[in-house]
Amino acid sequence: MSGTITGKVAAGATAAVTSAVENVARTATSLTAGGGFAPREVYESSTQITRSYYLGHHASALNKMRQTISNVGLIIECRDFRVPICSWNPLLERSLAASAAGERSRIIVYTKHDLGPPSGNFSKETSIEGYTNGRYQNGKDMVKTLKKYHKNSYTTKDVMFLGTSAGARSRNDAPNNDKHLLESIKRIAREADSLTGMRAMVVGMPNSGKSTLLNRLRAKGMGLPKAAQTGATPGVTRKIGTPVRIIAGESADDPSSAGLGEGVFIMDTPGVFIPYVSDPEDMLRLALVGCVKDGVIPSVTVADYLLYHLNLVDPKLYTRKFDLGKPTNDVHEFLRAVATRTGKLRKGSELNLENAADWVVQAWRRGDLGRFALERVTEETLAQAVEKAREPTVSISQARKKEKEQRKVAQQMKWAGITAPPGGSVA
């Protein structure tokens, strides 16, 4: 069963999720005994949130990748630096992994690095409070931890951290740009030393920057216009593209081209989502950065999750921008201020909170409401992700069946007066 998410499923979850947001928002606004603002320390995610965005063309694209992988010598995997763990798709890695050392190399590219947290050079747009109080990591710590983690992989030849602007060096002590990535690709191609050159494939989650990266490499390596269509929403690329050259072949006039054969060709691929996301908050993280099509999860819910993070980093990121006298945990109060400030109105001058929610989410994605990551990157969280990835892949229907059985067992235990074990698992 494919687990395809239909509009009907998403719509069915909307009412329940929106209701949950309203309940959380009404009860979450709180003041300490001293009268100060107390942000939510934990986000109470609704279990009714849609837990997948695994579409039909994702499954067909993955099958096509498996069929063509034997001709590919390099996998370039894109992950979003703001969600470096969530944007890793273990299904892709298992499907396209090399069976032996030297068979197929891999480069991990963390995209949108300049939209992530700073290393310590804080600007007016980027708050310092959330980093100095330990709630959020700075970019330098994240880069260091990720580099150390990937160093232990025998197939991962390099790890890059690229910003959104072509040719520009990314921040946070990760001086990578398109030129550095091309040099790494050339080095791998020379090691392969094939007369026909090397074929590469760029893969990743939806809207992780794959097509944009291909166009940038083609422009930098060949001086040619873009070959792949790009967009700000997931799903622009629907099928595997024709291989395009990003590095020229051997030439007698260029000694540095020795060993490149006919050059390096790269194939664009559709983003492939995880069949089922077990943690509702992970789904919210992916929705906030744009890996999930807008509307699959209600915009007010995504805006509420953004508000939760803004309050933990520094409420001044939005109170000054939207003329709020004080911070709030109430998403509706927050969105009313946004709608008033940005003119998001319905007929009759009624505030349009849904449009305000869309606007504020887009503003954060552009980096206009602070730049921070949505998850912590430590040896522990990476180890947990690896352990989780070892679990068998299940479809959304299989996962729902399992959750239903767990709820039934939990209810029976409750009736019998039996306390659930630590962690709440009854499986």
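Residues numbered from 1 in each chain as written. Predicted model: local features only at pLDDT ≥ 70, side-chain atom pairs only at ≥ 80, totals over all residues. Heavy atoms only, no water.

A. Structural view of the state of the cysteines. Evaluated as defined, the whole model comprises zero disulfides. Cysteine Cys-86 remains unbridged, with the sulfur of Cys-291 as its closest cysteine sulfur at 8.9 Å. Accessibility expressed as a relative area gives 7% for Cys-86, which makes it buried. (Disulfide = S-S within 2.5 Å. Buried < 20%, exposed > 50% of the residue type's maximum accessible area, 1.4 Å probe, protein only.)

B. Geometry of the packing of aromatic side chains. Tallied over the entire structure, the rule returns eleven aromatic pairs. Note on Tyr-110 and Phe-161: the rings are 5.2 Å apart at their centroids and 10° apart in plane angle, and the pair reads as stacked. Residue Tyr-110 is located in strand S2 (residues 105-111), and its partner Phe-161 is located in strand S3 (residues 156-161); the two are separated by 51 residues in the primary sequence. In this pair, the class of Tyr-110 matches that of Phe-161, namely buried. Judged by centre distance (6.2 Å) and plane angle (80°), the ring pair of Phe-322 and Phe-334 falls under edge-to-face. With Phe-322 in the loop between helix H10 (316-319) and helix H11 (331-342) and Phe-334 in helix H11, the pair connects residues that are twelve residues apart, well separated along the chain. Each member of the pair Phe-322 and Phe-334 is classed as buried. Members of the aromatic cluster, connected to one another through ring pairs, are Tyr-318, Phe-322, Phe-334 and Trp-359. (Phe/Tyr/Trp six-rings, centres within 6.5 Å; stacked < 30°, edge-to-face > 60°. Helix = DSSP H or I, 4+ residues; strand = E, 2+ residues; numbered from the N terminus.)

C. Here's a closer look at the pattern of salt bridges. Tallying each qualifying case throughout the model produces 19 salt bridges. A salt bridge links Arg-285 to Asp-282; its shortest N-O distance comes to 2.5 Å. With a gap of three residues between them, Arg-285 and Asp-282 both fall in helix H8 (residues 280-289), about one helical turn apart. In this structure, the salt-bridge partner of Glu-354 is Arg-346, at a minimum N-O distance of 2.5 Å. (Salt bridge = Lys/Arg side-chain N within 4 Å of Asp/Glu carboxyl O.)

D. A look at the pairing of strand S6 (residues 264-268). Summarising burial for S6: five of the five residues are buried, a large majority. Side chains Val-264, Ile-266 and Asp-268 project from S6 onto one buried face, and the interleaved Phe-265 and Met-267 project onto a second face that is buried too. Sheet topology note: the strand S5 (residues 244-247)/S6 ladder contains three bridges and is antiparallel. Bridge assignment links Val-244 to a residue of S6, and that residue is Ile-266. (Pairing = 2+ DSSP bridges.)

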